[in-house]
Amino acid sequence: MIARMDPAKGLWLGGLGLCAAFVGFLAGVEPKLALGAAIAAAFLLLVFVDLAAGLAVFGFFSFLELLELGSALSVSKLGGVLLAISWLAFVLTREDGKSDFLSVHPVMSIVLGIFLGWVALSSLWAESTAAVTSSLWRYLLNAILFLIVFSAIRTHRQAVMVVTGFLAGSAAAGLYGMFFIASAVPIAETGRLGSSTLDPNELAAVLVAGMALSVGLLMNVRDPGAKLIVASAGGFCFLATMLTGSRGGLVALTCMLIAAIVFGGRWRPQLAVAGAVMAMFTAFYITSLAPAEVRERVTATAGETRTTEGRTTLWQIGGRMVRAHPLNGVGAGNFQVSSRHYLIQPGTVFRSDEILLGNKETHNTYLQTAAELGLIGLGLFLTIILFSLGCLVRAAGIFRKGDKVSHEALARSMIVATIGLLAADFFISEMFSKQLWLMLGVGPALLGIARREQNSNGNQARHLAQPDAA
């Protein structure tokens, strides 16, 4: 029997045996390490079997990094490495080698490569080359994630799976902030959902995106129980957004509602009514139900808060960097390092302590990109974003022509969610956000699905139109 055993199966069994022995050894040394190794092994098996399922799980656990939990952060990074290894094996062993992103979108592949090259090149003029190296590594990992999404999502079912993982992650982040923080004192004192380890502005950004995705997912699930869960998750995301007291979140919510009307397609009237109801509830909450601290924070004018609002100073310093180095910037990751050099210039800086005592980012994704990489880097970054949004718009149009109602709903919800997330990024520095790059990757993936289904339907129609052979 042993002689007839397949050598490949023998290697698999041997490898599993070694893994089991290693995990058992770790359990005797440190149970936490054994648990982490077991989770990593399970995730590795999952992504090798189903890359899309692995991506969905990774998308969910990436929200743990948002919470800045030490152990979760390590798991998230390890998951990213394992996902990249599995994707590389998937691409190298797939027979259809012409369907990877580099072959389907060669121009955007070049743009992505130029962007990474520009980040690396900024080390030539940056004050800290170590900061450039760190930023380059983070950009590279996110670029790989962008490519992984395209390879993993090949069918509509896989797209629904990944989007579900994102919605579940955003709702889980809100639940953590509401119920699982050790003390509720931060909410009681500031009136905002968050703590020292959970940034309300970052949380609001993903909650707004999750809210939009829940609407699209409702059109893609049939089971009444699943519909109830999706609707509950979307409603919770909306309520949690209110509790964050984030002005950036409110701006993102407003942009999301406008985008829903503009890109709503056949659902535009219903979305307009729903948007009006949400706007009225938001106004009622801010004026009547919100804690005084949140109400003052939202309604205060820029002039009244200029001396206490640290973001104003950070934007001011970022603007000075752009004016001083408009094309090339100060170098990737060098805003914190170089910001002190731009304090002593004409013009009043009200919160210089934000620069001298803190290690602050600009709290604006686009301004920080322009300050660090110049207008050239910002242009390349925006090109990637606009490309993804354009793919989503084209995919929605193709699905509509093919009368793929559920597919179209998913594509349009992705458009609205992405716009909401991008609007929130005006108030937070999220260039390296896995959630952002994951959503950007879904755009070309959905367009690929739309084109394949369109070609398949066209081939079937031509086949039916051909007369029978004599």
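Just so we're clear, the structure is a prediction, and the values are computed from it rather than from any experiment. (Residues numbered from 1 in each chain as written. Predicted model: local features only at pLDDT ≥ 70, side-chain atom pairs only at ≥ 80, totals over all residues. Heavy atoms only, no water.)

A. Broad picture of the overall build of the protein. In terms of helices and strands, the protein carries 21 helices and zero strands. Going through the 470 residues of the protein one by one, you find that 49% of them count as buried. Counting only contacts in the protein whose residues sit at least 6 apart along the sequence, the fraction spanning at least 24 positions is 77%. If you sum the accessible surface of the protein, you get close to 22,500 Å²; carbon and sulfur atoms cover 69% of it. (Helix = DSSP H or I, 4+ residues; strand = E, 2+ residues; numbered from the N terminus. Buried < 20%, exposed > 50% of the residue type's maximum accessible area, 1.4 Å probe, protein only. Contact = heavy atoms within 4.5 Å. Areas by Shrake-Rupley, 256 points an atom, 1.4 Å probe, with all protein chains shown as cover.)

B. Representation of the pattern of salt bridges within the structure. Applying the stated rule across the entire model yields four salt bridges. For E408, the salt bridge goes to R266, with nearest N and O atoms at 2.7 Å. Of this pair, E408 sits in helix α20 (residues 405–424) while R266 sits in the loop between α12 (247–262) and α13 (268–289), and the two are 142 residues apart along the sequence. Overall, E408 belongs to the buried group, its relative accessible area being 0%. (Salt bridge = Lys/Arg side-chain N within 4 Å of Asp/Glu carboxyl O.)

C. Layout of helix α10 (residues 200–218). Over its 19 residues, α10 extends 27 Å from the first C-alpha to the last, a length consistent with the 27 Å expected when each residue adds 1.5 Å. In terms of burial, α10 is largely enclosed, as 17 of its 19 residues are buried. (Expected span 1.5 Å × (residues − 1).)

D. Examining the packing of α10 against α12 more closely. Direction vectors running N to C along α10 and α12 enclose 25°, while the axes themselves pass 9 Å from each other. Compared by their axis directions, α10 and α12 come out roughly parallel. α10 and α12 meet at a crossing whose hand is right-handed. Contact with α10, carried on its side by A204, V208, M211 and A212, involves G249, A252, L253 and M256 of α12 and no other residues of that element. Counted by class, the contact of α10 with α12 contains seven nonpolar, one polar and no charged residues. (Axes fitted to C-alpha atoms, helices over the stretch in contact; angles between N-to-C directions. Parallel < 35°, antiparallel > 145°, perpendicular 65-115°, else oblique. Left-handed = near helix turned anticlockwise from the far one by under 90°. Nonpolar A, V, L, I, M, F, W, Y, C, P; charged D, E, K, R; others polar.)

E. Just the packing of aromatic side chains, in detail. For the coordinates displayed, the defined rule picks out 12 aromatic pairs. Centre to centre, the rings of F101 and F146 are 5.4 Å apart; their planes meet at 80°, and the pair counts as edge-to-face. Of this pair, F101 sits in helix α5 (residues 101–104) while F146 sits in helix α7 (residues 129–152); the two residues are 45 residues apart in sequence, bridging distant segments of the chain. For F146, a relative accessible area of 2% corresponds to the buried category. Pairwise contacts between aromatic rings join F101, F115, Y139, F146, F150, F381, F387, F432 and W437 into one cluster. (Phe/Tyr/Trp six-rings, centres within 6.5 Å; stacked < 30°, edge-to-face > 60°.)

F. Spatial organisation of the nonpolar core. Ranked by size, the top nonpolar core spans 118 residues in total, and within it L55, F115, Y139, F146, I153 and L446 carry the most contacts. Top element by residues in this core is helix α19 (residues 365–401). It accounts for 18 residues. Setting aside residues up to four positions removed in sequence, F115 forms contacts with Y139, L373, G377, L380, F381 and I384. (Core = buried A, V, L, I, M, F, W, Y, C linked by side-chain atoms within 4.5 Å.)

G. The arrangement of the side chain of T362 in detail. Among the secondary structure elements, T362 is positioned in the loop between α18 (353–356) and α19. Polar contacts involving the side chain of T362 include one to the main-chain carbonyl oxygen of N364, which spans 2.9 Å. (Polar contact = N/O pair within 3.5 Å; in protein donor to acceptor, adjacent residues only side chain to side chain.)

H. Inspection of the environment of R266 at higher detail. Judged by relative accessible area, which is 31%, R266 ranks as partly exposed. The spatial distance from the C-alpha of R266 to the C-alpha of V405 is 9.4 Å, given a sequence separation of 139 residues. Within polar-contact distance, the side chain of R266 engages the side chain of E408 at 2.7 Å.

I. Structural context of the environment of V221. Here V221 shows up in the loop between α10 and α11 (224–244). Residue V221 is classed as buried on the basis of its relative accessible area, which comes to 18%. Each C-alpha atom of the pair V221 and S406 lies 8.9 Å from the other, and the pair is 185 residues apart in sequence. Once you skip the residues sitting within four places of it in the chain, V221 turns out to touch A226 and K227.

J. Structural context of the packing of α10 against α11. At their nearest, the axes of α10 and α11 sit 8 Å apart, and the two run at 155° to each other. One way to sum up the angle between α10 and α11 is to call them roughly antiparallel. α10 and α11 meet at a crossing whose hand is left-handed. Touching P200, L203, A204, L207, V208, G210, M211, S214, L217 and L218 of α10 are K227, V230, A231, G234, C237, F238, A240, T241 and T244, all from α11. The residue makeup of the contact of α10 with α11, split by class, is 13 nonpolar, five polar and one charged.

K. Geometry of a nonpolar patch on the surface. A surface patch of nonpolar side chains, about 370 Å² in accessible area, is lined by L239, F281, F284 and L289. Ranked by the residues each element gives to the nonpolar patch, the list is headed by α13, at three residues. Mapped onto the secondary structure, F281 falls in helix α13. Owing to a relative accessible area of 31%, F281 belongs among the partly exposed residues under this scheme. (Patch = residues over 30% accessible without salt bridge, like charges linked within 9 Å, V, L, I, M, F, W, Y side chains within 5 Å.)

L. Focus on the environment of S413. Residue placement: S413 occurs in helix α20. C-alpha of S413 to C-alpha of M211: the two residues are 202 residues apart in sequence and 9.3 Å apart in space. When near neighbours in sequence (up to four residues on either side) are disregarded, S413 contacts A212, L213 and G216.

M. Geometry of unusual backbone geometry. With a phi angle near 60°, H363 is a residue other than glycine that sits in the positive phi range. Locating H363 in the fold gives a position in the loop between α18 and α19. Residue H363 is classed as partly exposed on the basis of its relative accessible area of 24%. The phi angle at D403 is positive, at roughly 60°, despite the residue not being glycine. Considering the arrangement of structural elements, one finds D403 in the loop between α19 and α20.

Function cannot be read off these values alone, since they describe shape.
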